[in-house]
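Spelled out, the chains give:
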Amino acid sequence: GQSLEQPSEVTAVEGAIVQINCTYQTSGFYGLSWYQQHDGGAPTFLSYNALDGLEETGRFSSFLSRSDSYGYLLLQELQMKDSASYFCAVRDCTGGGNKLTFGTGTQLKVEL
Amino acid sequence: EPEVTQTPSHQVTQMGQEVILRCVPISNHLYFYWYRQILGQKVEFLVSFYNNEISEKSEIFDDQFSVERPDGSNFTLKIRSTKLEDSAMYFCASAQRPMNTEAFFGQGTRLTVV
């Protein structure tokens, strides 16, 4: 089966940089995605890594190391609106359904 | 910008009643999903649907659950006889291609079973 582990909670101050880690165990790995979710609203796509290395999208960057089964999401210049839950997810095609399997989620609290 | 829409946003139902949750996926998408999220927990996969049939379902998706695409635009999730533990947020999602990097989620239906 698939499993993804993340820290449950991270707190940082406005303007700081924060890193949210994700370790995964999966068969048939196709890439690691990150989703943001505000207060139980719709998960929204942030980034995707299929290959090792860093992907940058504005203030957000995501890193993947396939050999270590590890990735992280880096948020820079934190703003209050970044307070949300962040989920890593893997594309799981083993069951034929091409589903996303989500991690446990990290609640980020940004403080003044 | 195209979006996935879900109705209703909230549904309260009595235990044992049937509920139908409705979704309109993005029009050119071919892969459809239902997920649920119990309050404070992670997003859990229920079922995926492609080419008018279920392509995969989780152990949560038992005989009480069914999905339909009754016409070219709607995608529904039916729970035949609701239980208290079915109370959760239910999200519909769609994707354009199977290996697409991005799935689009609706705003969800909050189901409360009393």
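Structure first, text after, so check above.
All values derive from a computational prediction rather than experimental measurement.

**A word on the overall build of chain A**
Part 1: Check the secondary structure of chain A and you find zero helices and eleven strands.
Part 2: The N-to-C order of helical and strand elements in chain A reads β-β-β-β-β-β-β-β-β-β-β.
Part 3: Computed over C-alpha atoms, the radius of gyration of chain A comes to 14 Å, within 12% of the 13 Å expected from 2.2 N^0.38 for 112 residues, which places it in the range of a compact globule.
Part 4: Pairs at least 24 apart in sequence give 55% of the contacts found in chain A among residues at least 6 apart.
Part 5: Accessible area of chain A: about 5000 Å², with a carbon and sulfur share of 47%.
Part 6: Of the side-chain charges in chain A, 6 are positive and 12 negative, and the distance between the mean point of each set is 7 Å.

**Here we look at the overall build of chain B**
Part 1: Within chain B one finds zero helices and eleven strands.
Part 2: If you list the helices and strands of chain B from N to C, you get β-β-β-β-β-β-β-β-β-β-β.
Part 3: With the C-alpha coordinates of chain B rotated into their principal frame, the extents come out at 35 × 25 × 25 Å.
Part 4: Contacts spanning at least 24 positions in sequence make up 55% of the contacts within chain B whose residues lie at least 6 apart.
Part 5: On chain B, roughly 5900 Å² of surface is accessible, and the fraction owed to carbon and sulfur atoms is 46%.
Part 6: Each charge sign in chain B was given a centre, from 10 positive and 14 negative side chains, and these centres are 2 Å apart.

**A few points about the interface of chain A and chain B**
Part 1: With 22 residues of chain A at the contact, the number on the chain B side is 21 residues.
Part 2: Taken over both partners, the interface formed by chain A and chain B buries close to 1900 Å², and the fraction arising from carbon and sulfur atoms is 56%.
Part 3: When the area that chain A buries against chain B is broken down by residue, the three leading residues are Arg91, Lys99 and Phe102 of chain A, summing to 26%.
Part 4: Across the chain A-chain B interface, the total number found is one salt bridge.
Part 5: Measuring nitrogen to oxygen at the nearest pair gives 2.5 Å for the salt bridge that ties lysine 99 of chain A to glutamate 56 of chain B.
Part 6: On the surface where chain A and chain B come into contact, there are four residue pairs in polar contact (both at pLDDT 80 or more).
Part 7: Classifying every residue of the side of chain A that touches chain B by side-chain character gives ten nonpolar, ten polar and two charged.

**Remarks on the state of the cysteines**
All names here are of chain B.
Part 1: As enumerated under the stated definition, the model contains two disulfides over all chains in all.
Part 2: Each sulfur in the disulfide pair cysteine 23 and cysteine 92 lies 1.9 Å from the other. One disulfide, between cysteine 23 and cysteine 92, carries an S-S torsion of -60° and so falls in the left-handed class. Pair noted here: cysteine 23 is in strand S3 (residues 19–24) and cysteine 92 is in strand S9 (residues 88–95), with a separation of 69 residues, a long-range link.
Part 3: Residue cysteine 92 is classed as buried on the basis of its relative accessible area, which comes to 0%.

**Concerning the layout of surface pockets**
Part 1: What the largest pocket holds in volume is close to 400 Å³.
Part 2: In terms of lining, the largest pocket is formed by 22 residues, of which the most central are Gln37, Gly40, Ser85 and Gln107 of chain A together with Gly40 of chain B.
Part 3: When residues of the lining of the largest pocket are traced back to their parent elements, those giving at least two are strand S9 (84–92) and strand S11 (106–111) of chain A.
Part 4: In terms of residue count, the dominant contributor to the lining of the largest pocket is S11 of chain A (four residues).
Part 5: Within the lining of the largest pocket, the residues separate by chemical class into six nonpolar, 13 polar and three charged.
Part 6: If you add up the space inside the second largest pocket, you get close to 320 Å³.

Rules behind the numbers
- Residues numbered from 1 in each chain as written.
- Chains lettered and ligands numbered in written order.
- Predicted model: local features only at pLDDT ≥ 70, side-chain atom pairs only at ≥ 80, totals over all residues.
- Heavy atoms only, no water.
- Helix = DSSP H or I, 4+ residues; strand = E, 2+ residues; numbered from the N terminus.
- Rg over C-alpha atoms; globule rule 2.2 N^0.38 Å.
- Contact = heavy atoms within 4.5 Å.
- Areas by Shrake-Rupley, 256 points an atom, 1.4 Å probe, with all protein chains shown as cover.
- Lys, Arg positive; Asp, Glu negative; His and termini not counted.
- Charge placed at Lys NZ, Arg CZ, Asp CG, Glu CD.
- Buried area = accessible area lost by both parts, 1.4 Å probe.
- Salt bridge = Lys/Arg side-chain N within 4 Å of Asp/Glu carboxyl O.
- Polar contact = N/O pair within 3.5 Å; in protein donor to acceptor, adjacent residues only side chain to side chain.
- Nonpolar A, V, L, I, M, F, W, Y, C, P; charged D, E, K, R; others polar.
- Disulfide = S-S within 2.5 Å.
- Buried < 20%, exposed > 50% of the residue type's maximum accessible area, 1.4 Å probe, protein only.
- 1 Å grid on protein atoms, 1.4 Å probe; cavity = no way out; pocket = protein on both sides within 12 Å on 5 of 7 lines; lining within 4 Å.
- Points joined across faces, edges and corners; volume = space filled by probe spheres on them.

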